[in-house]
Amino acid sequence: QAGAQIMPFSPLADEAPDPAADAVYLPGGYPELFAGRLAGNQVFKKGMHRAAASGSFIYGECGGYMVLGEGLVDADGTHHAMLGLLPLVTSFEKRRLNLGYRLATPKGSLPFVADGLVLTAHEFHYSTIVKQEGEDALFSVQDARGESLGDCGLRQGNVAGSYLHL
């Protein structure tokens, strides 16, 4: 209704986003099940790097967030190179349940959020963060009771993501 054109692509099928895209969304999923395949999908990787370099806004949510990182360690302890667009490494080797409803306040402007808006979200994942660098957290987060959970997610230039399902 706002004039956007949705142009699907499949990272698993080694497809890249359309080079004309203003924004790219990587949704949640189960990248740990396909980590080796994703690591080898060069058309997808090159297309995502091209999108980042051209200034497209890229947002990854949960599984998409993990794919934006430098690497993903699977349950067997094997490290798989991901996109490297965020300074992040996640792991399924040492699993920990993260579950709950969240209130997320953006730390800075986002193209899909009106300034001052607090977002509702849920978090559900077993992976852990083994490396996270950078000072640019994406959200300040509270649980459903309003208790602070600190910051979450990362933003580096026009690339952003978090574990939260908004």
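Scroll up to find the structure this text is about.
Just so we're clear, the structure is a prediction, and the values are computed from it rather than from any experiment. Position numbers for residues start from 1 in each chain and track the written sequence from start to end. Per-residue local features are limited, in this predicted model, to residues with pLDDT of at least 70; the limit for side-chain atom pairs, both in listing and counting, is 80 or more; totals at the level of whole chains, interfaces and linings are taken over all residues. Hydrogens are left out, water is left out, and the side-chain values use all remaining heavy atoms of the structure.

Visitor: Lay out the overall build of the chain with the relevant residues and their values.
Guide: We count a stretch as a helix when DSSP gives it H or I for four or more residues in a row; a strand needs E for two or more, and each element gets its number in order from the N terminus. Each helix and strand in the chain was counted, giving three helices and twelve strands. With C-alpha atoms as the basis for the radius of gyration, the globule rule is written as 2.2 Å multiplied by the number of residues raised to the power 0.38. Relative to its length of 166 residues, the chain is compact, with a C-alpha radius of gyration of 15 Å against a globular reference of 15 Å. Taking the principal axes of the C-alpha coordinates as reference, the chain spans close to 45 × 45 × 25 Å. Any residue under 20% of the maximum accessible area for its type is buried, any over 50% is exposed, and the rest in between are partly exposed; the area is computed with a 1.4 Å probe on protein chains only. For the chain, the residues scored as buried account for 44% of the 166 residues in total. By definition, residues are in contact when any of their heavy atoms lie within 4.5 Å. Excluding contacts between residues fewer than 6 apart, the proportion of contacts in the chain whose partners are at least 24 apart in sequence is 62%. Methods summary: accessible areas were calculated by the Shrake-Rupley approach with a probe of 1.4 Å, and residue burial reflects only the protein chains presented. Carbon and sulfur atoms make up 52% of the accessible area of the chain, which totals about 8900 Å².

Visitor: Outline unusual backbone geometry, supporting the account with residue identities and numerical values.
Guide: Even without a glycine there, the phi angle at D14 is positive, about 60°. Positionally, D14 belongs in the segment before β1 (23-26). The exposure class of D14 is partly exposed, given its relative accessible area of 23%. Its identity is not glycine, yet C62 carries a phi of approximately 60°, on the positive side.

Visitor: Provide a residue-level description of the pattern of salt bridges, including the pertinent values.
Guide: By definition here, a salt bridge exists when the distance from a side-chain nitrogen of Lys or Arg to a carboxyl oxygen of Asp or Glu is within 4 Å. Summed over all chains, the structure comprises five salt bridges. A salt bridge links R102 to E123; its shortest N-O distance comes to 2.8 Å. Taken together, the positions of R102 in strand β6 (residues 98-106) and E123 in strand β7 (residues 119-125) put the pair 21 residues apart, joining distant regions of the chain. Take R102: its relative accessible area is 11%, and that puts it in the buried class. Because the salt bridges share partners, they merge into one network encompassing D143, R145 and E147.

Visitor: Help me get a handle on the pairing of strand β10 (residues 148-152), residues and values and all.
Guide: Strand pairing follows a simple DSSP-based rule, namely that at least 2 bridges must link the two strands. Examined bridge by bridge, strand β9 (residues 139-143) and β10 share four bridges and lie antiparallel to one another. In the sheet register, Q142 faces β10, and the bridge partner there is S148. Between the antiparallel neighbours β9 and β10 lie four residues, among them G146 with a positive phi of about 90°.

Visitor: Could you give an account of the layout of surface pockets, naming the residues involved and the relevant values?
Guide: Using a 1 Å grid laid over the protein atoms alone, points where a 1.4 Å probe fits but cannot get out form a cavity; open sets with protein on both sides within 12 Å along at least 5 of 7 lines form a pocket; any residue with an atom within 4 Å of a point counts as lining. Grid points are joined across faces, edges and corners, and a volume is the space filled by probe spheres set on the points. Taken as a whole, the largest pocket spans an internal volume of roughly 780 Å³. Forming the walls of the largest pocket are 31 residues, and the residues nearest its centre are F9, V24, Y25, L26 and P27. Broken down by secondary-structure element, the contributors of at least two residues to the lining of the largest pocket are β1, β2 (57-61) and α3 (63-68). Here the lining of the largest pocket gets four residues from one element, more than from any other, and that element is β1. Note that Gly is not counted as nonpolar here; it falls among the polar residues with everything else outside the nonpolar set of Ala, Val, Leu, Ile, Met, Phe, Trp, Tyr, Cys and Pro and the charged set of Asp, Glu, Lys and Arg. For the lining of the largest pocket, the per-class residue count stands at 24 nonpolar, five polar and two charged. In this structure, the second largest pocket spans a volume of roughly 270 Å³. Lining of the second largest pocket is provided by 19 residues; of these, N98, E123, H125, C152 and Y163 occupy positions nearest its centre. Elements supplying a minimum of two residues to the lining of the second largest pocket: β6, β7, β8 (128-132) and β10.

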